[in-house]
Amino acid sequence: MLPSLPFFPPTARLTWLAEQGWLAAPEHALHAISQQLWRTDPASALLFRCQRLAIEVLRGARNQGLTHYLLPQMLHAERAAALPLRLDVAPLSGQDTGRGWRLTGLLPWVANAPAGSFTLVAPVRLGEEGQGWAALRGEEDGLDVLPPHAPDTPSDRR
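The rules we used
- Residues numbered from 1 in each chain as written.
- Predicted model: local features only at pLDDT ≥ 70, side-chain atom pairs only at ≥ 80, totals over all residues.
- Heavy atoms only, no water.
- Axes fitted to C-alpha atoms, helices over the stretch in contact; angles between N-to-C directions.
- Helix = DSSP H or I, 4+ residues; strand = E, 2+ residues; numbered from the N terminus.
- Contact = heavy atoms within 4.5 Å.
- Patch = residues over 30% accessible without salt bridge, like charges linked within 9 Å, V, L, I, M, F, W, Y side chains within 5 Å.
- Areas by Shrake-Rupley, 256 points an atom, 1.4 Å probe, with all protein chains shown as cover.
- Salt bridge = Lys/Arg side-chain N within 4 Å of Asp/Glu carboxyl O.
- Buried < 20%, exposed > 50% of the residue type's maximum accessible area, 1.4 Å probe, protein only.
- Pairing = 2+ DSSP bridges.
- Parallel < 35°, antiparallel > 145°, perpendicular 65-115°, else oblique.
- Left-handed = near helix turned anticlockwise from the far one by under 90°.
- Nonpolar A, V, L, I, M, F, W, Y, C, P; charged D, E, K, R; others polar.

Engineer: Just checking my understanding: could you explain the packing of helix H2 (residues 27–40) against helix H3 (residues 42–59) for this structure?
Structural biologist: One way to put it is that H2 packs onto H3 with a least axis distance of 6 Å and a crossing angle of 145 degrees. Here Leu 30, Ile 33, Ser 34, Leu 37, Trp 38 and Thr 40 of H2 lie close against H3, whose contacting residues are Pro 42, Ser 44, Ala 45, Leu 46, Phe 48 and Arg 52.

Engineer: Sorry if this is basic, but what is going on with a nonpolar patch on the surface here?
Structural biologist: A cluster of nonpolar side chains, contributed by Val 57, Leu 87 and Trp 133, occupies part of the molecular surface with about 260 Å² of accessible area. For Val 57, a relative accessible area of 34% translates into the label partly exposed.

Engineer: How do you make sense of unusual backbone geometry when you look at a structure like this?
Structural biologist: Excluding glycine, most residues fall at negative phi; most peptide bonds, likewise, are trans. Despite not being glycine, Ala 77 shows a phi value in the positive range, around 60 degrees. Here Ala 77 is to be found in the loop between helix H4 (64–75) and strand E1 (80–84).

Engineer: Got a minute to help me understand the side chain of Thr 67 in this structure?
Structural biologist: Turning to its location among the elements, Thr 67 is positioned in helix H4. For Thr 67, a relative accessible area of 5% corresponds to the buried category. When sequence neighbours within four positions are dropped, the list of residues in contact with Thr 67 reads Leu 58, Ala 61 and Pro 72.

Engineer: Help me out: how do you make sense of the pairing of E1 in this one?
Structural biologist: The side chains of a regular strand alternate, first on one face of the sheet and then on the other. Within E1, five of the five residues are buried, which leaves the element mostly enclosed by the surrounding structure. Two strands pair when backbone bridges link them, and E1 and strand E5 (residues 118–126) are joined in this way by three bridges, in the parallel orientation. Bridge pairing in E5 links Ala 82 to Leu 120.

Engineer: Just to check I follow, could you spell out the packing of H3 against H4 for this structure?
Structural biologist: How two helices pack is summed up by the angle between their axes together with the distance between the axes. Interaxial distance between H3 and H4 falls to 10 Å at its minimum, and their mutual angle equals 160 degrees. When the axis of H3 is compared with that of H4, the two are roughly antiparallel. Here the hand of the crossing between H3 and H4 comes out left-handed. On H4, the residues touching Gln 51, Ala 54, Ile 55, Leu 58 and Arg 59 of H3 are Leu 66, Thr 67, Leu 70, Leu 71, Met 74 and Leu 75. In terms of residue class, the contact of H3 with H4 is built from eight nonpolar, two polar and one charged.

Coordinates in, geometry out; function isn't part of it.
This is the structure in structure tokens:
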């Protein structure tokens, strides 16, 4: 049985999850943790889901340098992980600039993209190389976080 969850402001939830050891929990414990979080604190459950999915993406990444750099920060909640709520969104498109890749696109409904340190794990299409995933370090890599807005509806078009 997991401990009951105290109330936390959104900025402290991820830190609390890390302090409990839940972000680094073994695979067999993840389902129980996730189930309790969804029942008792859906906001924390969403943060947990984003963080754990990003951790798993990093664990399977080919770029071991990136993994060794970012993984400890994510496991200890020093860096938040942001992901699109739907993983089947259109990928960001990449253009080779000769000095690196310039990614453009819009990812709607990204969860856990705070104003501070975060890493966006996003689908990308790099030229003709096909689709993959990229870990982008928030504002350090030039990401803009737009405020949420309601989609166009007939009542909006007066």
